[in-house]
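The primary structure of each chain is shown beneath.
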Amino acid sequence: MDFTIDSEQLDLVKAVRGLVTKVYDSSETRRAATNTEHGFTAWEQLAEMGVLSLPFEATPAEVSLVAEELGKVIAPDPFVEAVVLAGGLIASVGTEEQQEQYLDAIAEGSVLSVFAWAEPGKAWSTEPGVTFANGRLNGVKAPVIQAERADLLVVSAKTDAGTGLFLVTEGYTAETERTHDGSRAATVTFTDTPAVPLGAGGDESVAIERALNLARIAYGHEALGAMQVALDITVNYLKTRKQFGVTLNKFQALTFRAADMYVALELARSAITWATIVAADEGSTDAEVAAAASHSAIQVARAGRHIALDAIQLHGGIGMTAEYSVGHYASRILAIEQIIGDEAFHNERLAATVGDHDVFDPIG
Amino acid sequence: MRLQLSPEDQKFREEMREFFTTQVPERIRNKVLARQELSKEEFVESQQILNAAGLAVPGWPVEWGGQDWSQLQRHIWHEEMQLAGVPQPLPFNAGMVGPVIAAFGSQELKERFLAKTANIDIWWSQGFSEPDAGSDLAGLRTTAIREGDEYIVNGQKTWTTLGQYGDWIFMLVRTDPKAAKKQEGISFLLIDMTTPGVTVRPIELIDGGFEVNEVFFENVRVPAENLVGEENKGWTYAKFLLGNERVGIAQVGASQRHLATAKSIAKERGVLERYAARIVTLENELLALETTALRVAAHSDGGKPHPASSVLKIKGSQLTQAVSELLMDLEGPAALTSHDSRVFLNNRKVSIYGGSNEVQRTIIAGTILGL
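Residues numbered from 1 in each chain as written. Chains lettered and ligands numbered in written order. Predicted model: local features only at pLDDT ≥ 70, side-chain atom pairs only at ≥ 80, totals over all residues. Heavy atoms only, no water.

**Student:** Lay out empty space enclosed by the protein in plain terms, naming residues and giving numbers.
**Tutor:** With a probe scaled to a water molecule rolled over the atoms, the places where space remains empty come into view. Residues and elements named next belong to chain B. Per the stated rule, a full pass over the model turns up three cavities of 30 Å³ or more. Each pocket or cavity is described by its volume, and for the largest cavity that value is around 80 Å³. Elements represented by at least two residues in the lining of the largest cavity include exactly helix 8 (252-268) and helix 9 (272-298). The volume enclosed by the second largest cavity comes to roughly 50 Å³. (1 Å grid on protein atoms, 1.4 Å probe; cavity = no way out; pocket = protein on both sides within 12 Å on 5 of 7 lines; lining within 4 Å. Points joined across faces, edges and corners; volume = space filled by probe spheres on them. Helix = DSSP H or I, 4+ residues; strand = E, 2+ residues; numbered from the N terminus.)

Okay, structure coming up:
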């Protein structure tokens, strides 16, 4: 097993970092961007750089490296949601014609697609209550991230053949709300909404699971980037903030908590990166990628909450303010967990098969 | 990034697995897998089998019996050894004093000690901690006063693990009581434990076992040639040694093996479902630990441990404890008389020794985070 990245990957990281740290040069710029009409402002430049075509042309390794850079500045641009997940489904399930129609447009940034799969009261279950019959969709999806801004919805729905995927461009209502991390999500209601099957129109549950798992792994890196910066900001604060006439790093009660955050971060980095390596390995089965996604998500949930919440606590009152950055990092880390599934959900997935193997061996 | 082992590393792993599971007697391995204590003879027998095959001290310089392996291969060696229940080469010999002598000792000391140390012809004990020098190791007070071509050693060491078997003891002693900083007056000295004036007294631990000792030194005369490296440079060598100690301390393979045992016990007793979430959490944390160990290994060059090795110490010790806790809990009321309760109590030590986990946090906060 080898964790090193090659020089091309390093160049990609540098280029993306250069772009997003310019567009989102501070927490305030980022916050201002979330208040614009679209809610994000790096999209066109990411498209120009070729980043939005990476999920179709490169491996999960490159996707994860990009996601981590976006996480470091908590860029509100829906890279994983729109390109990795929705775009990934079109790439894996779509007919040749559908791929031609949409993939280039997604890569160019002219079409924003999102995957509507979650439903009210169903947590992270992928069993849809929304139905498809006679070319029409009926039911409710929520939350659908960036639905209002989306040009194209990929919708999972129940059919006679199982769980199918459908493309929708109009004929639905989207009631949008702000999410706690500054993004937007909608309750989307389909009432006899015209829809066309994505792909051949059969049961696509396997493709859906795989796409969600790949997205979970990419999201893991976005969370990892945010965790890293949340810790960096906190460490810097401990070195500069004075109370009782000394900087906070003179208090062992505080530095030990920072040390524990570092331990959590490094362990999470290893497990999440391992998940990417599993996803990038062509020999990995769907079940292996699913397990890797769950292991990664458990680290996001545990390390994420630990780091995000202690980052606020170690700042004291200033960490509570919207003007200061650390709370936004905490909010984003929490939001990613809420999107990809919490510890209980992923623990249950893994527990179902925990008795089937002897020693769990992460090396292929 | 690559998941699969290369064909060479895969072959290496199979060779290690084959060797460990066929060449080391099953009666010894079964004792390790059942978490029982080994006798001195069993430690020696196992290590000599490894040493004959060049597998006891792969991390040493090649000319002294080491192997020209990659860090990944060293990881595989360690992992496969633990998975097979092969006792690790005696840490005091293979992981502590051997590397120090090889790195800092004179040619004469190397020739005199290294081969015997690898083959456990000499059983080494560790003389570092003192009653008033635990985490604050540099506060040690045992003195070695130069008199002609001898040092006269007086003082007391403690927590000397398996000191009852010790032939020789490697010591940190104070050779310059007037040094400006307490770290500066310390030397690294080798003492034959049969020398007059050396007394070993066992300490009973909370599990009822006697694995550690106090060692007393009363006017012990030690030839000056037994000094390792330079006088008053012992602290440098001790830091080198403790850094090495932290790398092996993660015990990933052993925790994985014991967790798999816990799982099969849970299945046998029909309680797998009750413990499944806890087992998943432990497997998840072991995954993070092992992949971190691989990352740390990949970035350790020139035998110098990565500062993140403190992460391995903290998490590795916590998981050793958590797995033994699970094994104990699975016993139900039978835990009252079960060996597993004693192992659990005994394992409190792993977050204390090798630089307590609080010392590791201090290292992380200071060295890594710059706090």
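**Student:** Residues and numbers for unusual backbone geometry, please.
**Tutor:** P143(A) follows A142(A) through a cis peptide bond whose omega is -5°. Relative to the helices and strands, P143(A) resides in strand 3 (residues 136-145). With phi around 70°, N232(B) is a residue other than glycine that occupies positive phi space. Mapped onto the elements, N232(B) comes out in the loop between strand 8 (227-228) and helix 7 (234-248). Owing to a relative accessible area of 23%, N232(B) belongs among the partly exposed residues under this scheme. (Buried < 20%, exposed > 50% of the residue type's maximum accessible area, 1.4 Å probe, protein only.)

**Student:** Report on the interface of chain A and chain B, specifying residues and quantitative values.
**Tutor:** When the parts of a complex come together, some accessible area is lost, and that lost area is often used as the size of the interface. Taken together, the contact between chain A and chain B spans 50 residues of the former and 44 residues of the latter. For the pair chain A and chain B, the two sides together bury roughly 4,400 Å², of which 66% comes from carbon and sulfur. It is M1(A), Y262(A) and L267(A) in chain A that bury the most area against chain B; as a group they hold 14% of the surface buried on that side. With a closest N to O distance of 3.1 Å, R13(B) and D361(A) form a salt bridge. Put simply, chain A and chain B have 17 residue pairs in polar contact (both at pLDDT 80 or more) between them. Broken down by secondary-structure element, the contributors of at least two residues to the side of chain A that touches chain B are helix 5 (60-72), helix 8 (205-240), helix 9 (252-280), helix 10 (286-315) and helix 12 (343-351) of chain A. Split into classes, the residues belonging to the side of chain A that touches chain B amount to 26 nonpolar, 14 polar and 10 charged. (Contact = heavy atoms within 4.5 Å. Buried area = accessible area lost by both parts, 1.4 Å probe. Salt bridge = Lys/Arg side-chain N within 4 Å of Asp/Glu carboxyl O. Polar contact = N/O pair within 3.5 Å; in protein donor to acceptor, adjacent residues only side chain to side chain. Nonpolar A, V, L, I, M, F, W, Y, C, P; charged D, E, K, R; others polar.)

**Student:** Provide a residue-level description of the packing of helix 5 (residues 91-104) of chain B against helix 6 (residues 107-118) of chain B, including the pertinent values.
**Tutor:** Residues and elements named next belong to chain B. Where helix 5 contacts helix 6, the axes come no closer than 10 Å and their chain directions differ by 160°. As the angle between them shows, helix 5 and helix 6 are arranged roughly antiparallel. Here the hand of the crossing between helix 5 and helix 6 comes out left-handed. Counted together, N93, V97, G98, I101 and A102 of helix 5 and L109, K110, F113, L114 and T117 of helix 6 form the full contact between these two elements. (Axes fitted to C-alpha atoms, helices over the stretch in contact; angles between N-to-C directions. Parallel < 35°, antiparallel > 145°, perpendicular 65-115°, else oblique. Left-handed = near helix turned anticlockwise from the far one by under 90°.)

**Student:** Lay out the domain arrangement of chain B with the relevant residues and their values.
**Tutor:** Residues and elements named next belong to chain B. You can read the domains of chain B as domain 1 (7-89), domain 2 (123-232) and domain 3 (250-368). Contacts between the two partners involve six residues from domain 2 and, on the opposite side, seven residues from domain 3. Both sides of the domain 2 and domain 3 interface together cover about 490 Å² of buried area, and 48% of this is carbon and sulfur. Sorting the residues of domain 2 by area buried against domain 3 places I206, D207 and E211 first, and these three jointly supply 79% of that buried surface. One salt bridge connects E211 with K349, and the closest N-O pair in it is separated by 2.9 Å. At the boundary of domain 2 with domain 3, the tally comes to four residue pairs in polar contact (both at pLDDT 80 or more). Residue composition of the side of domain 2 that touches domain 3, by class: two nonpolar, two polar and two charged. (Domains from an automatic or database assignment.)

**Student:** Lay out the domain arrangement of chain A with the relevant residues and their values.
**Tutor:** Residues and elements named next belong to chain A. Once the domains are mapped, chain A shows domain 1 (7-108), domain 2 (113-197) and domain 3 (205-356). Using only C-alpha atoms to locate each centre, domain 2 and domain 3 end up separated by 28 Å. Taken together, the 10 residues of domain 2 in the interface contact 16 residues of domain 3. Regarding the contact of domain 2 and domain 3, the summed buried area is about 1,100 Å², with carbon and sulfur atoms giving 65% of it. Seen at the junction of domain 2 and domain 3, the total is one salt bridge. Here D181 ties to R332 by a salt bridge, and the two come within 2.7 Å at their closest N and O atoms.

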